[in-house]
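Now for the letters of each chain:
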Amino acid sequence: MKDIKSLTLSQLKEEMTALGEKPFRAGQIYKWLHVKLVSSFDEMTDLSAALREKLSSEYEITDLKKLEVQISKDDGTRKYLFELSDGNTVESVLMRYHHGNSVCISSQVGCRMGCKFCASTIGGCIRSLEPSEMLDQIYKITNDINERVSNVVVMGMGEPMDNFDNLIRFITLVTDENGLNISQRNITVSTCGLVPEIRKLADLHLSITLAISLHAGTDEKRKALMPIANKYSLSELTDACSYYFKETGRRLTFEYALIAGVNDKPKDADEIAALARKVSAHVNLIPVNPVTETGFKPTSGRETNAFKQALEQRGVNSTVRREMGRDIDGACGQLRKRKLDEK
Ligand code: SAH
């Protein structure tokens, strides 16, 4: 069965023509799927029963099962555990800000990048998500809270650049004016630094924000934390970042998880500042979320502020990320992992 929610409107028009239907049917179906967010053909009441029947025999509508929601008492952050149609599970997070609702989605079941501080990668990568399955996380949460989602960050489980084509299709669908119509500017994609894909993304000239998970300022230190650093050096990575900025005009961000005694010294600030200046990046600082298996401890609030000041003195702006949902398995992959461990 074909996955109808992963089709763009023009692909859906072609499909309808091939089925001997009028192309305008595609517009109706697309609206049911991507605006009214229904999960069955039966709900598409402006289609004939015969057409609904035909569609159900040709296509499936992917749907997620809400297995668990944790709601933070501190800030209203909600962490969802969803079950996919094949029984695998993924995590998504809703963060409520003054400027709107932001959803952090997963792009893969697990991850194969192997970062030492990350819970999502502990069991490896089981599979990549389809465009529809990335959309479903946003759609399910929209229906759950009955409010519009205005921002999307692809920062949950998985490496989005390791699922490049589906990621791009997802962005096309979620920004489509006939669908949820989220602005490209309100989409952030985070990568551990797959250099060829960063360049490929730059060539598409989208207006999305690219976040680079940096976490160390020398190749040697980065290799100790992130296996991808063995494949691409920092100089290759920052060249790709400059290329991205040149091609899209979009300022990049560096994600930097502060780990006590590992990457939080003045010398680290020095190195990071030089890299950030080289590509005009903004730095997001976040004390590392402790994950039992990793043994890493977060840098204290005082030292985090000192690190921020050190960057500032070197002409680099940074933001200390509010740690949202600390009381609810906040770090990516933790909720899913706890559930799998329980089984
Ligand atoms: N694979 C992509 C996106 C998913 S990870 C990437 O690497 O960017 C989302 C962000 O969370 C990345 O910046 C990642 O490095 C960071 N992260 C992972 N585990 C973390 C932890 N325990 N504490 C703080 N940040 C973490």
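Residues numbered from 1 in each chain as written. Predicted model: local features only at pLDDT ≥ 70, side-chain atom pairs only at ≥ 80, totals over all residues. Heavy atoms only, no water.

### Details of the packing of helix H9 (residues 266-279) against helix H10 (residues 301-313)
Viewed as axis vectors pointing N to C, H9 and H10 meet at an angle of 45°, and their least axial separation amounts to 9 Å. Here H9 is positioned oblique relative to H10, judged by the angle of their axes. Between H9 and H10 lies a crossing whose hand is right-handed. On H10, the residues that touch Asp-268, Ala-269, Ile-272 and Ala-273 of H9 are Phe-307, Ala-310 and Leu-311. Across the contact of H9 with H10, the residue classes break down as six nonpolar, no polar and one charged. (Axes fitted to C-alpha atoms, helices over the stretch in contact; angles between N-to-C directions. Helix = DSSP H or I, 4+ residues; strand = E, 2+ residues; numbered from the N terminus. Parallel < 35°, antiparallel > 145°, perpendicular 65-115°, else oblique. Left-handed = near helix turned anticlockwise from the far one by under 90°. Contact = heavy atoms within 4.5 Å. Nonpolar A, V, L, I, M, F, W, Y, C, P; charged D, E, K, R; others polar.)

### Section: the pattern of salt bridges
Oppositely charged side chains can pair when the atoms bearing their charge come close. Counting across every chain of the model gives 21 salt bridges. Between Glu-247 and Lys-246 there is a salt bridge whose closest N-O contact spans 3.2 Å. Residue classification places Glu-247 among the partly exposed positions, given a relative accessible area of 24%. Using a relative accessible area of 60% as the deciding quantity, one classes Lys-246 as exposed. Linking Glu-271 and Lys-267 is a salt bridge whose minimum nitrogen-to-oxygen distance equals 2.8 Å. Of the two residues, Glu-271 and Lys-267 are both situated in helix H9; the distance of four residues between them amounts to about one turn of the helix. Among the charged side chains, a network of salt bridges with common partners joins Lys-221, Lys-267, Asp-268 and Glu-271. (Salt bridge = Lys/Arg side-chain N within 4 Å of Asp/Glu carboxyl O. Buried < 20%, exposed > 50% of the residue type's maximum accessible area, 1.4 Å probe, protein only.)

### Let's talk about the packing of aromatic side chains
The tally for this structure, following the rule as stated, stands at two aromatic pairs. Both rings, one in Tyr-80 and one in Phe-82, keep their centres 5.3 Å apart while their planes meet at 10°; by these two values the pair is stacked. The exposure classification of Tyr-80 matches that of Phe-82, with both residues buried. Each ring, one from Tyr-256 and one from Phe-307, has its centre 5.4 Å from the other, and the planes form 20°; the classification is stacked. Residue Tyr-256 is found in strand E12 (residues 253-258), and its partner Phe-307 is found in helix H10; the two are separated by 51 residues along the sequence. Each member of the pair Tyr-256 and Phe-307 is classed as buried. Positioned above the aromatic ring of Trp-32 is the side chain of Lys-36, whose terminal nitrogen or guanidinium carbon lies 3.9 Å from the ring centre. (Phe/Tyr/Trp six-rings, centres within 6.5 Å; stacked < 30°, edge-to-face > 60°. Lys NZ or Arg CZ within 6 Å of the ring centre and 35° of its normal.)

### Some details on the domain arrangement of the protein
In terms of domains, the protein is made up of domain 1 (2-60) and domain 2 (65-342). Each of domain 1 and domain 2 has a C-alpha centre, and the two are 33 Å apart. Of the residues lining the interface, 12 residues belong to domain 1; the matching set on domain 2 comes to 15 residues. A buried area of about 1100 Å², summed over both sides, lies between domain 1 and domain 2, and 53% of it is on carbon and sulfur atoms. When the buried area of domain 1 at its contact with domain 2 is split by residue, Lys-5, Ser-6 and Leu-37 rank highest and sum to 44% of it. Applying the counting criterion to the domain 1 and domain 2 interface returns one salt bridge. Across the pair Lys-5 and Asp-136 runs a salt bridge whose closest N-O atoms are separated by 2.4 Å. Counting across the interface, domain 1 meets domain 2 through seven residue pairs in polar contact (both at pLDDT 80 or more). (Domains from an automatic or database assignment. Buried area = accessible area lost by both parts, 1.4 Å probe. Polar contact = N/O pair within 3.5 Å; in protein donor to acceptor, adjacent residues only side chain to side chain.)

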